[in-house]
Amino acid sequence: MNIKIKHILALSLIKGVGDAFIKKRLNEIEAYISDVDLLGNMLGGKVTTNGINENLPLANKIIEECLENDITIISILNHHYPPLLKEIKNPPAILYLKGNITNLEKCIAIIGSRKSDKLGNVIASKVGDYFSKKWSICNGLVEGIDKNSILIGDTVFPNVTGVLSGGLNYERTSSKITKELAKKVLDNNGLLVSENPPNKDEDQFSGSKASRIQAGLSKGVILIQSSETGGSKYTLKALSELNRILGIVNYSNNFSFKTEDQFSGNRLLLEKGLEGLAEMCDMKKLNNIKISKLIELKSKDDYLLFENDLT
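How each quantity is defined
Residues numbered from 1 in each chain as written. Predicted model: local features only at pLDDT ≥ 70, side-chain atom pairs only at ≥ 80, totals over all residues. Heavy atoms only, no water. Helix = DSSP H or I, 4+ residues; strand = E, 2+ residues; numbered from the N terminus. Rg over C-alpha atoms; globule rule 2.2 N^0.38 Å. Buried < 20%, exposed > 50% of the residue type's maximum accessible area, 1.4 Å probe, protein only. Areas by Shrake-Rupley, 256 points an atom, 1.4 Å probe, with all protein chains shown as cover. Contact = heavy atoms within 4.5 Å. Polar contact = N/O pair within 3.5 Å; in protein donor to acceptor, adjacent residues only side chain to side chain. Pairing = 2+ DSSP bridges. Axes fitted to C-alpha atoms, helices over the stretch in contact; angles between N-to-C directions. Disulfide = S-S within 2.5 Å. Phe/Tyr/Trp six-rings, centres within 6.5 Å; stacked < 30°, edge-to-face > 60°. Expected span 1.5 Å × (residues − 1). Arc of directions from axis to C-beta.

Participant: Got a sec to walk through the overall build of the protein? Specific residues and values, please.
Facilitator: Each helix and strand in the protein was counted, giving 15 helices and eleven strands. Over its C-alpha trace the protein gives a radius of gyration of 20 Å, about what one expects of a compact globule, namely 19 Å for 311 residues. Reported as C-alpha extents along the three principal axes, the dimensions of the protein are approximately 65 × 45 × 35 Å. Within the span of the protein, comprising 311 residues, buried residues form 54% of the whole. Looking at the protein as shown, the accessible area adds up to about 14,300 Å², and 48% of this sits on carbon and sulfur atoms.

Quick look at the structure:
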C-alpha cells in the first residue's frame, strides 16, 4: 500500500482536521505527504508530527481491513479520485470503494423522501428505469424514493452506485434495507462508496453528511418527491454549490401532487426556482447558488432534455 495513503489517512484522523481543511491545504499536503516530520511542521495548528504518528497504527489497521475485505482505498491525492467530487467544498480525504469503479464516470442522482407515497414510488421507478439504461444511478440505498428508483422485482438496475453512510462491511455496519440493497448492487455490476472505514457503523448524522458525496459524484440530480423540510435538502444544498443540473418532477395534473405535503418541496422549487431552493436549503444569499440549469420534468421528452444537458 502506498505510504501516501497511510499518511493522509493518519492526518485525516487527527481530531479537528476536517475534509475542508485538507482540500484547502492540498498543495502543501501533496508536496510533503511522504515525510511526516515536514508535513507536521508545514501545516501547523492542529496538525503535529506527533499527532500524525500517533494515528499511524490505526491507519495501518484500517488499510489491513480494506485488503482483507476487497475494499479499494484511495485518497484525494490519487489520480483515480473522482474529479467531480473534488469540486465540493469538503470532499472526503479518503474514499472506500467496492465493486465496479468505472460507474463513477457516469453518475446521476435520483433523490427524495424516505417516507414516500404510492405516487412518489411509481414516479421513482419510471425515472430510474429510464436513466438506468445509460447512467449509473447514485443512491443512498435507503427506504422510500431511493429504493424505488433502483429496484426492479427482486433485483436492482445494473451499475448502481450506492453511497453508504456507514463502512463498506455493510453486513455489520448498516440497517436492514441498506444491507439488502447493497448486496443486490454488488451482484449486478454496481459500486459501493463510503467515506468511513470498513467497520464504522452508520448513525443519525452520517446519512445527511453522505448526501454531499451523492451530489458531488453526480453530473445532475433529479428530485422525485420531497416536503419543504425533507432530508433531500442536504443533497440539494451540496448541489447548489456546484455548476450542475437539477431536475424537478412535476405531476401538476395530479391532485395528490398539487395538495399533499410530500410534494411541497417540489412545488416550492417549481414556483420560485432558485429562490425556492435557497429557501428550502436555508441559504441566505441567492447569488451563492451555482445551479447551471433547473429543468422541469413532466414526461420522457423532458427526461431527454435533461439527459442532453448532462452530456
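Participant: Break down the side chain of Asn169 for me, citing the residues and quoting the values.
Facilitator: Relative to the helices and strands, Asn169 resides in the loop between β7 (161–163) and α8 (170–173). With a relative accessible area of 15%, Asn169 lands in the buried category. In contact with Asn169, other than residues within four places in its own chain, are Asn69, Ile71, Pro198 and Asn199.

Participant: Could you give me a rundown of the side chain of Gln214, with the residues and numbers involved?
Facilitator: Here Gln214 lies in helix α10 (residues 206–217). A polar side-chain atom of Gln214 sits 2.9 Å from the main-chain carbonyl oxygen of Cys138. With near-sequence residues (within four places) excluded, Gln214 lies in contact with Ala109, Ile110, Ile111, Cys138, Asn139, Gly140, Asp146, Val163 and Thr235.

Participant: Just give me the short version of the sheet that holds strand β10 (residues 245–249), but keep the residues and values in it.
Facilitator: Two strands in a sheet stick together by hydrogen bonds in their backbones, pointing the same way (parallel) or opposite ways (antiparallel). Taken together, nine strands build an open sheet; the order of strands is β1-β2-β8-β7-β4-β3-β9-β10-β11 and the sheet is mixed. A single partner strand is all that each edge strand has here, and the edge strands are β1 (72–75) and β11 (293–297). Direction aside, the axes of adjacent strands within the sheet are offset by 25° on average. Each of β2 (94–99) and β8 (191–194) is contacted by helix α9 (residues 176–187), which is oriented at about 130° to β8, the strand it contacts most.

Participant: Got a sec to walk through the state of the cysteines? Specific residues and values, please.
Facilitator: Applying the stated rule across the entire model yields zero disulfides. For Cys66, which is in no disulfide, the shortest distance to another cysteine sulfur is to Cys138 and amounts to 19 Å. Assessed through its relative accessible area of 1%, Cys66 is described here as buried. Not engaged in a disulfide, the cysteine Cys107 finds its nearest cysteine sulfur in Cys138; these two sulfurs lie 4.7 Å apart. In this structure Cys107 comes out as buried when scored by relative accessible area, which is 1%.

Participant: For the packing of aromatic side chains, give the residues involved together with the corresponding values.
Facilitator: Enumeration over the complete set of coordinates arrives at five aromatic pairs. Ring geometry for Phe131 versus Tyr303: centroids 5.9 Å apart, planes at 50°, classification tilted. Of this pair, Phe131 sits in helix α6 (residues 118–131) while Tyr303 is found in helix α15 (residues 300–310), placing the two residues 172 residues apart along the sequence. A centroid spacing of 5.8 Å and a plane angle of 80° characterise the contact between Phe131 and Phe306, whose relative ring orientation is edge-to-face. Of this pair, Phe131 sits in helix α6 while Phe306 sits in helix α15; the two residues are 175 residues apart in sequence, bridging distant segments of the chain.

Participant: Give a detailed account of α6, specifying residues and quantitative values.
Facilitator: The end-to-end C-alpha separation of α6 is 20 Å, in line with the 20 Å expected for 14 residues at 1.5 Å each. Among the residues making up α6, those that are buried are Leu119, Gly120, Ile123, Ala124, Val127, Gly128 and Phe131. Down the axis of α6, the sector holding all buried residues measures 155°, keeping them to one side. Looking at where α6 begins, the residue whose side-chain oxygen comes 3.3 Å from the main-chain nitrogen of Leu119 is Asp117.

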